[in-house]
Protein chains: 4
Amino acid sequence: MNTFGQNFRVTTFGESHGVALGCIIDGCPAGLEISTEDIQAELNRRKPGQSAMATPRVEKDQVEILSGIFEGKTIGTPIACIVRNQDQASKDYDFLRTTFRPGHADEMWHFKYGHRDHRGGGRSSGRETLARVIGGAFAKKILQKNNETQIIGHVSALAGVTADENNFDESEIEKNPVRCANRESAEKMIEAVMEAKRKSESVGGEITIQIKNIAKYLGSPVFGKIEGELARAIMSCGAVRSFEYGIGKNAKNQKGSIQNQRKEGISGGITTGDDILLKISVKPTPSISQKQTAQTLNGEINDFVIGGRHDPTIPPRLVPVLEGMVAMVFADQLLAPVDRINQIFR
Amino acid sequence: MNTFGQNFRVTTFGESHGVALGCIIDGCPAGLEISTEDIQAELNRRKPGQSAMATPRVEKDQVEILSGIFEGKTIGTPIACIVRNQDQASKDYDFLRTTFRPGHADEMWHFKYGHRDHRGGGRSSGRETLARVIGGAFAKKILQKNNETQIIGHVSALAGVTADENNFDESEIEKNPVRCANRESAEKMIEAVMEAKRKSESVGGEITIQIKNIAKYLGSPVFGKIEGELARAIMSCGAVRSFEYGIGKNAKNQKGSIQNQRKEGISGGITTGDDILLKISVKPTPSISQKQTAQTLNGEINDFVIGGRHDPTIPPRLVPVLEGMVAMVFADQLLAPVDRINQIFR
Amino acid sequence: MNTFGQNFRVTTFGESHGVALGCIIDGCPAGLEISTEDIQAELNRRKPGQSAMATPRVEKDQVEILSGIFEGKTIGTPIACIVRNQDQASKDYDFLRTTFRPGHADEMWHFKYGHRDHRGGGRSSGRETLARVIGGAFAKKILQKNNETQIIGHVSALAGVTADENNFDESEIEKNPVRCANRESAEKMIEAVMEAKRKSESVGGEITIQIKNIAKYLGSPVFGKIEGELARAIMSCGAVRSFEYGIGKNAKNQKGSIQNQRKEGISGGITTGDDILLKISVKPTPSISQKQTAQTLNGEINDFVIGGRHDPTIPPRLVPVLEGMVAMVFADQLLAPVDRINQIFR
Amino acid sequence: MNTFGQNFRVTTFGESHGVALGCIIDGCPAGLEISTEDIQAELNRRKPGQSAMATPRVEKDQVEILSGIFEGKTIGTPIACIVRNQDQASKDYDFLRTTFRPGHADEMWHFKYGHRDHRGGGRSSGRETLARVIGGAFAKKILQKNNETQIIGHVSALAGVTADENNFDESEIEKNPVRCANRESAEKMIEAVMEAKRKSESVGGEITIQIKNIAKYLGSPVFGKIEGELARAIMSCGAVRSFEYGIGKNAKNQKGSIQNQRKEGISGGITTGDDILLKISVKPTPSISQKQTAQTLNGEINDFVIGGRHDPTIPPRLVPVLEGMVAMVFADQLLAPVDRINQIFR
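From a predicted model like this one, the values you see are computed outputs, not experimental measurements.

**Thoughts on the overall build of chain A**
Now for step 1: Assigned secondary structure in chain A consists of 8 helices and 17 strands.
Now for step 2: Taking 20 Å as the expected radius of gyration for a compact globule of 346 residues, we find that chain A reaches 21 Å, a close match to that expectation.
Now for step 3: Taking the principal axes of its C-alpha atoms as reference, chain A extends roughly 65 × 50 × 40 Å.
Now for step 4: Per-residue burial for chain A yields a buried fraction of 66% across its 346 residues.
Now for step 5: In chain A, once contacts between residues fewer than 6 apart in sequence are set aside, the share between residues at least 24 apart is 71%.

**Focus on the interface of chain D and chain C**
Now for step 1: Contacts between chain D and chain C engage 72 residues on the former and 72 residues on the latter.
Now for step 2: Broken down by secondary-structure element, the contributors of at least two residues to the side of chain D that touches chain C are β1 (3-4), α2 (106-113), β11 (205-212), α5 (226-235), β12 (240-245), α6 (256-259) and β15 (276-282) of chain D.
Now for step 3: The element that contributes the greatest number of residues to the side of chain D that touches chain C is α5(D), accounting for 6 residues.
Now for step 4: Looking at the side of chain D that touches chain C residue by residue, the class counts come to 25 nonpolar, 31 polar and 16 charged.

**Considerations on the environment of Glu184(A)**
Residue and element names in this part refer to chain A.
Now for step 1: Tracing the backbone through its elements, the reader meets Glu184 in helix α4 (residues 183-198).
Now for step 2: For Glu184, a count of 12 C-beta atoms within 10 Å puts it in the exposed group.
Now for step 3: Placed 20 residues apart in sequence, Glu184 and Asp164 show a C-alpha to C-alpha distance of 8.2 Å.

**Description of the sheet that holds strand β12 (residues 240-245) of chain B**
Sheets are built from strands paired through backbone hydrogen bonds, the pairs being either parallel or antiparallel.
Now for step 1: If you walk across this open sheet you meet the 10 strands as β10(A)-β9(A)-β11(A)-β15(A)-β12(A)-β12(B)-β15(B)-β11(B)-β9(B)-β10(B), and the pairing is antiparallel. Since the sheet does not close on itself, it has two edges, and those belong to β10 (161-162) of chain A together with β10 (161-162) of chain B, each with one partner.
Now for step 2: Here 2 bridges tie strand β9 (residues 150-158) of chain B to β10(B), and the two strands are oriented antiparallel to one another. Looking at the pairing, Ala157(B) lines up with Thr162(B) of β10(B).

**A few points about the relation of the copies chain D and chain C**
Now for step 1: Laying chain D over chain C is done by rotating through 180° and shifting 0.0 Å along the axis; what remains is an RMSD of 0.0 Å. Each copy turns onto its partner about a two-fold axis.
Now for step 2: Most of the interface of chain D is mirrored in chain C, where 100% of its interface residues again form contacts.

**Observations regarding helix α1 (residues 36-46) of chain D**
Since the α-helix turns once every 3.6 residues, residues separated by three or four places project in the same direction.
Residue and element names in this part refer to chain D.
Now for step 1: Within the span of α1, buried status applies to Ile39, Glu42, Leu43 and Arg46. Along the axis of α1, the buried residues cluster in a sector spanning 100°; they form a single face. Exposed side chains of α1 directed beyond 90 degrees from the buried face belong to Glu37 and Ala41.
Now for step 2: On its buried side, α1 packs onto β4 (63-65), β7 (79-84), α3 (129-147) and α7 (315-334).

**Here's the deal with the interface of chain A and chain B**
Now for step 1: Listed as interface residues are 72 residues of chain A and, on the opposing side, 72 residues of chain B.
Now for step 2: For the side of chain A that touches chain B, the elements supplying multiple residues, two or more each, are β1 (3-4), α2 (106-113), β11 (205-212), α5 (226-235), β12 (240-245), α6 (256-259) and β15 (276-282) of chain A.
Now for step 3: At 6 residues, α5(A) tops the list of elements feeding residues into the side of chain A that touches chain B.
Now for step 4: Partitioning the side of chain A that touches chain B into residue classes produces 25 nonpolar, 31 polar and 16 charged.
Now for step 5: Where β12(A) and β12(B) come together, 3 bridges link them in antiparallel fashion. Across the sheet, Glu244(A) pairs through a bridge with Ser242(B), a residue of β12(B).

**Observations concerning the sheet that holds strand β3 (residues 20-26) of chain B**
Residues and elements named next belong to chain B.
Now for step 1: The strand order across the open sheet formed by 5 strands is β1-β2-β3-β7-β4, and the pairing between neighbours is antiparallel. Taken across any chain shown, the strands that pair with only one partner, and hence form the sheet edges, are β1 (3-4) and β4 (63-65).
Now for step 2: Where strand β2 (residues 9-13) and β3 come together, 5 bridges link them in antiparallel fashion. Counterpart to Val10 in the pairing with β3 is Ile25.
Now for step 3: Contacts from helix α1 (residues 36-46) reach β4 and β7 (79-84), with the element oriented near 150° to β4.
Now for step 4: Along the sheet, helix α3 (residues 129-147) makes contact with β2, β3, β4 and β7, crossing β3 at roughly 30°.

**Thoughts on the pairing of β12(D)**
Residues and elements named next belong to chain D.
Now for step 1: A large share of β12 lies buried, amounting to 6 of its 6 residues.
Now for step 2: Sheet analysis places β12 next to β15, joined by 5 bridges and oriented antiparallel. Looking across to β15, one finds that Val240 is bridged to Val282.

**Brief notes about the packing of helix α1 (residues 36-46) of chain C against helix α3 (residues 130-147) of chain C**
Residue and element names in this part refer to chain C.
Now for step 1: Running from N to C, α1 and α3 point in directions that differ by 135°, and their axes come no closer than 9 Å. Relative to α3, the element α1 is oriented oblique. Considering only the axes of α1 and α3, their crossing is right-handed. Counted together, Asp38, Ile39, Glu42, Leu43 and Arg46 of α1 and Leu130, Val133, Ile134, Gly136, Ala137 and Lys141 of α3 form the full contact between these two elements.

**Notes on the environment of Pro312(B)**
All names here are of chain B.
Now for step 1: For Pro312, the location among the structural elements is in the loop between β17 (301-304) and α7 (315-334).
Now for step 2: On the basis of neighbour counts, which here come to 26 C-beta atoms within 10 Å, the residue Pro312 falls in the buried class.
Now for step 3: Note: C-alpha distance between Pro312 and Ile288 (24 residues apart in sequence) is 7.5 Å.
Now for step 4: Setting aside chain neighbours within four positions, we find Pro312 in contact with Met53, Val193, Ala196, Lys197, Ser202, Val203 and Thr285.

**Observations regarding helix α4 (residues 183-198) of chain D**
Residues and elements named next belong to chain D.
Now for step 1: An ideal rise of 1.5 Å per residue puts 22 Å on 16 residues; α4 measures up with 23 Å between its terminal C-alpha atoms.
Now for step 2: Of the residues making up α4, those classed as buried are Ser185, Ala186, Met189, Ile190, Val193, Ala196 and Lys197. Burial along α4 is one-sided: seen end-on, the buried residues are contained in an arc of 140°. Across α4 from its buried face, at more than 90 degrees, point the exposed residues Glu184, Glu191 and Arg198.
Now for step 3: Where α4 is buried, its residues touch β9 (150-158) and β10 (161-162).
Now for step 4: In the stretch just after α4, Ser200 is the one whose phi turns positive, near 60°.

**Some thoughts on the pairing of strand β3 (residues 20-26) of chain C**
All names here are of chain C.
Now for step 1: With 6 of 7 residues buried, β3 is to be regarded as a mostly interior element.
Now for step 2: Where strand β2 (residues 9-13) folds back on β3, the antiparallel hairpin that results is connected by 6 residues, among which Gly14 adopts a positive phi of roughly 120°.
Now for step 3: In the sheet, β3 pairs with strand β7 (residues 79-84) via 6 bridges, with the strands oriented antiparallel. Bridge pairing in β7 places Ala20 opposite Arg84.

**Description of the confidence of the model for chain A**
Now for step 1: Model confidence for chain A is summarised by a mean pLDDT of 92, while 95% of its residues fall at 70 or above.
Now for step 2: Scoring the predicted complex yields pTM 0.96 and, for the interface, ipTM 0.96.

**Some words on unusual backbone geometry**
Now for step 1: For Asp61(A), which is not glycine, the phi torsion reads 50° and is therefore positive.
Now for step 2: Structurally, Asp61(A) can be placed in the loop between α1 (36-46) and β4 (63-65).
Now for step 3: The phi angle at Glu71(B) is positive, at roughly 55°, despite the residue not being glycine.
Now for step 4: Look at Glu71(B) and you get exposed, because 7 C-beta atoms sit within 10 Å.

**A word on the packing of α3(D) against α7(D)**
All names here are of chain D.
Now for step 1: The geometry of α3 relative to α7 is characterised by a closest axis approach of 7 Å and an angle of 50° between their N-to-C directions. By the angle between their axes, α3 is oblique relative to α7. Between α3 and α7 lies a crossing of left-handed hand. In this structure, α3 contributes Thr129, Arg132, Val133, Gly135, Gly136, Ala139, Lys140, Ile142, Leu143 and Asn146 to the contact, and α7 contributes Pro320, Val321, Glu323, Gly324, Met325, Ala327, Met328, Phe330, Ala331 and Leu334.
Now for step 2: Its residues assigned to classes, the contact of α3 with α7 comprises 12 nonpolar, 5 polar and 3 charged.

Conventions adopted
- Residues numbered from 1 in each chain as written.
- Chains lettered and ligands numbered in written order.
- Predicted model: local features only at pLDDT ≥ 70, side-chain atom pairs only at ≥ 80, totals over all residues.
- Helix = DSSP H or I, 4+ residues; strand = E, 2+ residues; numbered from the N terminus.
- Rg over C-alpha atoms; globule rule 2.2 N^0.38 Å.
- Buried ≥ 20, exposed ≤ 12 C-beta atoms within 10 Å, placed from the backbone.
- Contact = placed C-beta atoms within 7 Å.
- Nonpolar A, V, L, I, M, F, W, Y, C, P; charged D, E, K, R; others polar.
- Pairing = 2+ DSSP bridges.
- Least-squares fit on C-alpha atoms with pLDDT ≥ 70 in both.
- Arc of directions from axis to C-beta.
- Axes fitted to C-alpha atoms, helices over the stretch in contact; angles between N-to-C directions.
- Parallel < 35°, antiparallel > 145°, perpendicular 65-115°, else oblique.
- Left-handed = near helix turned anticlockwise from the far one by under 90°.
- Expected span 1.5 Å × (residues − 1).
- pLDDT = per-residue confidence, 0-100.

So this is what it looks like as structure tokens:
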């Protein structure tokens, strides 16, 4: 399933070392002003080589728009965007035809599909998420225009360091390479990540997303509850292991009299207009440079040392991806017929 | 959105105090043996009045099959099942036409739809979930026949009491009214819930679900990852606030070298055949009998004491509902074209 | 596939000799006034036993609404409607377990599904269409309220008799049992049908549908063109063999300079607000009482005389079914997000 | 709606004078051998400039594959294909910003979308169909591999000339520029088209499609009948005005005893394995070079002479497009879960 959304639909394509990656966005309203630069700005937040926190793979990740935009505005037709791969370094991966990397999806893809592109994980590579960022850029524009909605992600825990959320400074997020909203916490996180990297280790972390100024009444009761749509979108990003909203995991220890007074931004599966808070836990990068063991096509277990270039931790580059997914969920709901439906016969 | 699933599709209907609730199941394979008793057994696990843990509302919740089954087996056509409401006690709710119960979806539904059934929350009532249990009964049969798959839910925390998971006894689950897998923990939970009830309070809890003997290669990469489908299904149940699988929220503190050795049952969004573990946190019942304040249609804030009959805690009756949702997700994937697609040209 | 529509979704169920048939309508706007009588009136136009033109099977076809309507108006939740079978006379059909009726779908269903309800064709019976009429009743109400849209079907040819369309009298249609809009033509049609019936023969015919006062801009370019949606809806009714709109089959002999001046009500797949004309050709009823040959489960070809009760011709009872399908297509489009989408950023 | 299919899904994009057109194909099985040349061969049958029957617009229509194919075979991931526009000649169209061409969709698009690409009709141009041909090339490969299925289209009537179908010669079809299966008829058609062209006129025609060696049991009863899916696919091509299968429009004059003996290749909405015959009537090209009148944005009616380069008739170039649509319908059904579903519990 490579299409996300029912109304605002993003269909993505592309393998890590193929010709290009990209997406078609169908269902975007006509008349939306958006430029290549707007999309590129989001892509640059995700692209590799930003800092020592990220893989040194050199990719410009330059987007080209092929359709759907005329004289600076959308025309209601499908918008096709592509990003050509440059630094493919495919030879590094030749031995991966027959050896499955530990912690990666290589083995599952091999047996599910029979024939696969083994280079850098092919389509199961994290590079797939660049198309999500493109879709997210359009979704953010829609939400911004609709209600000045803001979707603000930051890294709230990394490598065992928890951010000081009491001294939250939104302006700090894009200033440090770990996307933490507190400078002091950011410095501790960087130190902890670099320490792990020196030990050929990788580390997990947590992303928190705030949603502000969201339109009321988004989401559809029963099976289309907005929290379900958000959870599916977030959990469709490879390394995520938990999703919480509102009181989250603490719900299990909560009392009704207190819970009834909370404003969590969602009620009955529908947005109330209040802020929504999401917390997402992310596992460590599976590619680490220490010696491991790996299974081969023949079922042998061999010593394994991976080459290639890898991030020591995922959350900093995942922030724009998750923001994009959240934006797509809300844009999809904003454009859903149910709203229209229920305004017709008032 | 009242349809769940793409291949195994369950469309539900019904209000808490309407004529009947039920569902149509479309996409169920022909030739599946299933009886009214099989479905009733699952419904009985969810129905009210089982113990002091549950609302005393008297409902037999007797299912009637209208179509799709002939001589004891499915025929590949849509299966319609209905449950008529009996103990509607609608008068209790008359004043709720203009007063929105705290912690409930009443207000959102009122403004989203304009015209609503105010009695007991109408369609936003937890009573809606009985149709999920019916769908789940069919899905479980499919999974059982396919691979003897088992989906076993239990209450792992309740009212502040955490279950002793080291002394897990599956045979205990259905023997105690809180559906805990350890007798001693169950007794503590019961005590804590009754204590809360005496204080006119309600309490939250946690459900853990084990999935055993699941077929390999279920789930579709990128946007159809099995963990995303599970999260959406689970989060579409009203009171849920968090979803975790595998290492869950602890991912944020994990190291790559250790994580790579875990077997979490899912890799690249596809089942591996290993067991899968889910954890779900559930908020307290919003209906409590202590005096609260409530908003009216005119925006006034008044003192509020709710009548009606309510559960002091949700998780024990939610166990069969969540099991059913999980079963529906896997049945849907088991019947997905992608499996067939990728076997054609081998 | 037992669900019709993307926005206004009708999911149907039921076998010819099962417990009940019916549907769930999801996506109907809240606040629509509709009564059981409104639906029953449409069902009565389709029900058996209306005249010598129709099967004498005795069915009241009494509809019961189970959900989705409160105090006379829809509430935006799924509307479940059921019709219980009465005069099932199943024994007439016992030998059909192993013999496939000529011209019916029995054989295909047997081999496609393995296990089937052989009584009266089970779900492949024309009786299935009563659920379409129920869905159509709601769709017509929506269209009527939206723009006083009218969908008027009549039989324009039957048993070799072509109606005198130059003397079209709309008020005549429901006054004669063949639903022809000209009294003289109707009488000729009745005579021709009765003559065929006496010869144990069945006959084909043609239905013409006029659509008036339809909203502008319905339909979605490229794959969602309104004429494609109409064609699919109409062709999904068993006995239909051709679909035409506007100039129809005469397009092949048309010149551009003349065609450019026609108003066909659709341009670029979108409604223009002008009237739309559809023509549908319908094959004869496959059940005839003369001796035929039929294939059995073992591949033998035997002499075959069918019992049961059958219509000598299909079009008169098909008129409300096709009207219903057309109404559902337009209601679905009227409630589509694309309209909303393209009004947002004007 | 720019996606076709449920299982084999083709999402198309592109405007007539934009940067590129193309599609993403999702749901294509892994392991299918296909080359750029295979796709190009189909595109060449549709491309402009083939003969005096077609527009002299110079376009190579060279396809580039961006993803989904590795070492000559599909890998089960989405396949992105693009065709860059070359001979855009956009200036010819400048005055069309404010003047709506007669017989075209310009006016409807303008008012439905508010902001549009007026150059050559933008996305409503027939040039959109090249993406359908690409999707069709993949679908044909799947059907060919599955059962050596053949989908053979030809022009059976053009400019008032009916083909001599009694002397049908399949090998002739691709040898003449009108794609007629009889040389003598082809010559008459060419003469008639050229005569119309000299008079600045355009002409309609009819396409017949034969489907041979199709798998049994494709199609889904009730709303997913294969004839409905075919009709929708065919009618989604702009200039089509009628769709017939089997006995077609003659059904209205047919008798049951005779009809019951026909083999039409479809029964109960499901393929029987017998050949299927489709007939499609096509209106004349709306762009003609004689003086017409046209409406402007302000509602004025002015004299109008169109520049640009246009086909005098549509059917010859439409043959590969309709073949492609038919192939997509069958591939979609071949890969549908329903087949798998109903084989599981045998």
